[in-house]
Amino acid sequence: MKYIYTFEEGNKNMRRLLGGKGANLAQMTNLGFPVPSGFTISTEACNAFYKNHNQLNDDNLDQIKEALDQLSQKVGKRFDSPSAPLLVSVRSGAAISMPGMMDTILNIGLNDQTVAVLAKITANERFAYDSYRRLLAMFGNVVEGISEATFDMVIENLKQQNHYQSDLDLTTDDLKQIVSEFKKIYMNELHREFPQDPTEQLLAAINSVFESWNNHRAKIYRRENNIPSFLGTAVNVQMMVFGNAGKDSGTGVAFTRDPATGEKQLFGEYLLNAQGEDVVAGIRTPQPISTLKETMPHLYEQFVAIAAKLEFYYRDMQDLEFTIENGKLYMLQARDGKRTPTAAVKIAVDMVDEGLVSRQEALMRIKPESVQAILYPEFDEQELAKNDIVASGLPASPGAATGRVYFTAEAAKAAHDEKHQAVILVRQDTSPEDIEGMVVSEAIVTSRGGMTSHAAVVARGMGTPATVGVNHLQVDYQHKTASFSGHQLHEGDWLSVDGTQGNIYIGQIKTTDMAVNENLSTLLGWAKQESRLGVYANADTPADFSQALKFDADGIGLARTEHMFFKPERLLEMRRLIIAENAEARKLPLKRLLDMQQGDFYGLYKLSEGRSVTIRLLDPPLHEFLPHDEKEIHEVAAQLDIEPAYLAQRVDALKELNPMLGHRGDRLAVTFPDIYQMQVRAIIGAALQLLDENVIIEPHIMIPLTGSKAEMSWVRELVVKQIEQLFDERNARLQYTVGTMMEMPRACLTADKVAEVSDFFSFGTNDLTQLTFGFSRDDVGSFMPEYIKQGILPADPFQTVDVEGVGQLMKMAVEKGRFTKPRLPIGVCGEIGGDPKSIEFFEQLDVSYVSCSPFRVPVARLAAAQAHLRNKRAVSQSVSVNPVR
Ligand code: PEP
Ligand code: MG
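Keep in mind the model is a prediction, meaning the values are calculated, not measured.

Analysis parameters
Residues numbered from 1 in each chain as written. Chains lettered and ligands numbered in written order. Predicted model: local features only at pLDDT ≥ 70, side-chain atom pairs only at ≥ 80, totals over all residues. Heavy atoms only, no water. Donors = N, O, S within 2.8 Å, 3.2 Å for Na, K, Ca; no water. Helix = DSSP H or I, 4+ residues; strand = E, 2+ residues; numbered from the N terminus. Buried < 20%, exposed > 50% of the residue type's maximum accessible area, 1.4 Å probe, protein only. Axes fitted to C-alpha atoms, helices over the stretch in contact; angles between N-to-C directions. Left-handed = near helix turned anticlockwise from the far one by under 90°. Contact = heavy atoms within 4.5 Å. Nonpolar A, V, L, I, M, F, W, Y, C, P; charged D, E, K, R; others polar. Phe/Tyr/Trp six-rings, centres within 6.5 Å; stacked < 30°, edge-to-face > 60°. Core = buried A, V, L, I, M, F, W, Y, C linked by side-chain atoms within 4.5 Å. Patch = residues over 30% accessible without salt bridge, like charges linked within 9 Å, V, L, I, M, F, W, Y side chains within 5 Å. Areas by Shrake-Rupley, 256 points an atom, 1.4 Å probe, with all protein chains shown as cover. Salt bridge = Lys/Arg side-chain N within 4 Å of Asp/Glu carboxyl O. Lys, Arg positive; Asp, Glu negative; His and termini not counted. Charge placed at Lys NZ, Arg CZ, Asp CG, Glu CD. Polar contact = N/O pair within 3.5 Å; in protein donor to acceptor, adjacent residues only side chain to side chain. Pairing = 2+ DSSP bridges. Right-handed = clockwise from strand over helix to strand, strands pointing away.

K.L.:
Help me understand the coordination of the magnesium ion (ligand 2) in this model?
P.N.:
Each donor-metal-donor angle would ideally measure 109.5 degrees in four-coordinate tetrahedral geometry, or 90 or 180 degrees in six-coordinate octahedral geometry. Donor atoms from the polypeptide that bind the magnesium ion (ligand 2) are Glu743 (OE) and Asp767 (OD), placed at 2.0 to 2.1 Å. You can see Glu743 sitting in the loop between strand S26 (737–742) and helix H29 (745–749) and its partner Asp767 sitting in helix H31 (residues 765–773), a full 24 residues away along the chain. Each member of the pair, Glu743 together with Asp767, is buried.

If you want it as structure tokens, here you go:
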């Protein structure tokens, strides 16, 4: 089997076999750039190494020796040569880059003889011994497992004794002394000498690099980044060139564009008379690459030209490593450069303008989740590094914020309004009553709840960072304290919350600003053109809708009308309505609510400018609007001018053992039809109001919680009757639709029948997931992290669709629904409607649109474009492979 490829034999398409580094070195060689000669031992050799009980097999050993001979002939240097000793580097390089995870050893080939030869031929003894001590330390650490600190200590002691500032102050004699001390370390630690035979050094180094594929940090990195372990690493053996050979030598790294901003300018740094690790280790302060123009103008020009060609060739921003040896430039590495999300978007858009990549390619290059990082504030990286995570929970709503903690909505609101403080609401959980405190909070933290709990849904809708289900958090409302695994917080203490990661920090941490980004708008514009799925927003207020429109949402896919009852004056009327005992007593609050709701809908329609707006009728159980404890009951009773005992009795009567499965959704319509009638009059009333202004609206009314055709049919009749009555009263008509949420498994199972009485479907995946798994969406925080950790679930199904179970129900519902009505519009409006992985599935499912919180719209839009582009590609490939289709 062929295990070894010289750089001349490979190219950039051989990543799987040669690793990224090997493939790129080969490609640069073939492009005619100055690359030090060498060869790559393939990833197949790595797998053979493991098969052979962590030993190189004989075939591989023979090929290494042969390749080494060839290399020696080519460069005119040999291991152990008394006149021209060959020195090589040994570096790992996997198919998918794993920066810093595996091992590298430089200067292989140096020993007590060759170090002297090197000193002689370079006329630089200091350089030779400097190189030798580096080999001793690196080999000792990587191959023999001696701690780096043991070697560092020798150097530090010497520097201290001589009052040196930096490694550069070390004299040749110092370095010779260091070499001899390092050799003693081998004897002390291993009871044997450092191997003087270069071939022995090389083979041991290759062994260690292969072994480093399975070191602890590499395994963790692979697990975190979904890199399969069977890929293996390649090993690159390359002639050493020396950046520390004197004043006209040096080493550096550069990016072809600024990796932080994406600006099109060479960005990087270099150090004269130094080796690569000096730059990485920050021992000396490197110079900006632009100064190379003055120090070595020739080389600078050559480097700029190579960088430009490489970028053009690879059609992406490149991360380059170079070395200058005695005035000659060598390229050591070229790879696609890591970049910030902001830079990624700018580079992608610029490269389209420059004609380097197509729009489709630019769209595929941006991770949808990374768009979030551009939109939301984050903690300042340097400040964050100084703080420890004190607790973690579910990352319910992205962004980072810092503020003073309060444990009740009232206290948070008072601190915000009266003391003008930045506040963070910390609670066990939240309910509609907390809304005023939530609105003014910079972030929200709860100890209970999952990704679709009240706190999570509302925070996401408002774009407020939130971490929920923090298991180690205990809130003591009575004493106004909270404790996090050993830390105690009092009201008014500073707390910092990272809702993107789900982490909590004590104290204040500076955040970055929310960026408005033109490049992102351009990219999202392209995404819209390339998508099949519509992207709508879950928006309940004109403010939410305006935000969604800024992100170019296609309309509203879900307006949860219950969220409109949160304002104090509305809550009061709602409460008056709920406690009323007969239809007569309900009339006045209903009339007041009708006026308010009509105003709400008018506001949303006015903003819509031709976009579709789907309004859902009341969904939650009524008791959610009522006070809970005695103190609140007394306050509310006073506001309503009724006896507290009477109110307490009503609260008690409405209490349910399982409210999520109880008297909510369309079940309310059957028992309290006048609430739905009022809402329908408000919706149609608002549309007619606009008709008077010559604006035509087609209202889409959505019924929650439908479980059967009979149920939907009953509610539909109620709704349609009310609409027709209003049309007759006003002597005007409009087109309208009445559709249903698909959130009950039974509705999915009987979707062909439900479709007979529905104009559209919209999957409520929050409830559908809850009911399919039997997981309470408000309580999953207590066990979901463990389920994921134990591998029982691959991901939280409230965040990413469970294709196998919930997805099957959805598939069945789509097929059955479209069997009845082939053009039935179908959306997804649960929280996973904004999740990129789920969107991939929804594209294949052929639903018509997704709807998500306004701040998720850009992420969803990009994911929708990528899903469509991928799907198109898959279809065209399958057509070309299978022309019969
Ligand atoms: C759902 O269940 O997915 C949904 C969108 O409705 P809600 O979250 O309001 O129950
Ligand atoms: Mg629901």
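K.L.:
What am I meant to see in the packing of helix H22 (residues 568–579) against helix H23 (residues 583–608) here?
P.N.:
The description of two packed helices rests on the angle between their axes and on the distance between the axes. Where H22 meets H23, the closest approach of the two axes is 8 Å, and the angle between their N-to-C directions is 145 degrees. For the pair H22 and H23, the sense of crossing is left-handed. Listed contacts from H23 to Glu569, Arg570, Glu573, Met574, Arg576 and Leu577 of H22 are Arg586, Pro589, Leu590, Arg592, Leu593, Met596 and Asp600. Its residues assigned to classes, the contact of H22 with H23 shows six nonpolar, no polar and seven charged.

K.L.:
Mind showing me how you'd approach the packing of aromatic side chains here?
P.N.:
The geometry of two aromatic rings is summed up by the distance between their centres and the angle between their planes. All told, the structure shown has 21 aromatic pairs when counted by the stated rule. Ring centres of Phe303 and Phe322 lie 4.6 Å apart, and the angle between their planes is 45 degrees; on these two criteria the pair is classed as tilted. With Phe303 in helix H12 (residues 297–314) and Phe322 in strand S9 (residues 318–325), the pair connects residues that are 19 residues apart, well separated along the chain. A relative accessible area of 0% means that Phe303 is categorised as buried.

K.L.:
I'm lost on the side chain of Gln238 in this one. Help?
P.N.:
With respect to the helices and strands, the residue Gln238 is situated in strand S5 (residues 233–239). By relative accessible area, Gln238 is classed as buried at 2%. Sequence-distant contacts of Gln238, defined by excluding residues within four places in its chain, comprise Phe7, Leu25, Val35, Pro36, Ser37, Gly38, Leu87, Val88, Ser89 and Arg91.

K.L.:
Can you help me understand the nonpolar core in this one?
P.N.:
In globular proteins that are soluble, nonpolar side chains generally tend to be buried together. Membership of the largest hydrophobic core comes to 131 residues, with the highest contact counts inside it found for Tyr605, Phe763 and Phe842. For Phe842, the contacting residues outside a window of four places in its chain are Arg532, Val801, Met810, Val828, Ile832, Gly833, Val847 and Val850. Formed by 64 residues, the second largest nonpolar core is a distinct cluster that contains Leu56, Phe127, Leu136 and Ala245.

K.L.:
Looking at this model, I keep getting lost on a negative patch on the surface. Mind explaining?
P.N.:
The grouping of Asp58, Asp59, Asp62 and Glu66 at the surface amounts to a negative patch. Assignment of secondary structure puts Asp62 in helix H3 (residues 58–75).

K.L.:
Can you help me understand the packing of helix H13 (residues 341–353) against helix H20 (residues 518–530) in this one?
P.N.:
Running from amino to carboxyl end, H13 crosses H20 at an angle of 65 degrees, the nearest separation of the two axes being 9 Å. Judged by the sense of rotation from one axis to the other, the crossing of H13 with H20 is left-handed. Seen from H13, the contacting residues are Val345, Lys346, Val349 and Val352; seen from H20, they are Asn519, Leu520, Thr522, Leu523 and Trp526. Of the residues in the contact of H13 with H20, the class split is six nonpolar, two polar and one charged.

K.L.:
What should I look at first to understand the side chain of Glu743 in this one?
P.N.:
One buried charged residue, Glu743, forms no salt bridge at all, with the nearest opposite charge on Arg616 at 4.8 Å. Within the local environment of Glu743, its side chain forms a polar contact with the backbone nitrogen of Leu705, the two atoms lying 2.8 Å apart. Other than its neighbours up to four places away in sequence, Glu743 contacts Pro704, Leu705, Gly764, Asp767, Leu768 and Leu771.

K.L.:
Any chance you could explain unusual backbone geometry here in plain terms?
P.N.:
As a rule of thumb, non-glycine residues mostly have phi less than zero, and peptide bonds are mostly trans rather than cis. One non-glycine residue, Arg315, lies in positive phi territory at about 50 degrees. Take Arg315: its relative accessible area is 30%, and that puts it in the partly exposed class. Its identity is not glycine, yet Lys480 carries a phi of approximately 55 degrees, on the positive side. Note on placement: Lys480 falls in the loop between strand S17 (473–476) and strand S18 (481–484).

K.L.:
What should I look at first to understand the pairing of strand S14 (residues 423–427) in this one?
P.N.:
For a regular strand, side chains alternate in direction, first toward one face of the sheet and then toward the other. With respect to burial, S14 is a largely interior element, five of its five residues being buried. Side-chain alternation along S14 places Val423, Leu425 and Arg427 on one buried face and Ile424 and Val426 on a second face that is also buried. Pairing between strand S13 (residues 400–406) and S14: three bridges, direction parallel. Across the sheet, residue Val405 finds its bridge partner in S14, namely Ile424. The pairing of S14 with strand S15 (residues 441–446) spans five bridges and is classified as parallel. Looking across to S15, one finds that Val423 is bridged to Ser441. Note that the unit made of S14, helix H18 (residues 435–440) and S15 has a crossover that is right-handed.

K.L.:
What's the story with the pattern of salt bridges in this structure? I'm lost.
P.N.:
Oppositely charged side chains can form a pair if their charged atoms are brought close together. Applying the stated criterion to the full structure yields 52 salt bridges. Between Arg315 and Glu361 there is a salt bridge whose closest N-O contact spans 2.8 Å. Of this pair, Arg315 sits in the loop between H12 and S9 while Glu361 is found in helix H14 (residues 359–364), placing the two residues 46 residues apart along the sequence. One salt bridge in this structure joins Glu831 and Arg560, with 3.9 Å as the shortest N-O distance. Taken together, the residues Glu831 in the loop between strand S28 (826–828) and helix H34 (836–845) and Arg560 in strand S23 (residues 555–560) connect sequence positions 271 residues apart. Arg560 shares its class with Glu831; the two are buried. One network of salt bridges, with partners in common, ties together Glu562, Arg616, Asp619, Arg664, Asp767 and Arg777.

K.L.:
Got a minute to help me understand the pairing of S15 in this structure?
P.N.:
Counted residue by residue, S15 has five buried out of six residues, so it is predominantly covered. When S15 meets strand S16 (residues 466–468), the two strands line up parallel, connected through two bridges. Within the sheet, the bridge partner assigned to Ile444 lies in S16 and is Ala466. Crossover handedness for the path S15 to helix H19 (residues 454–462) to S16: right-handed.

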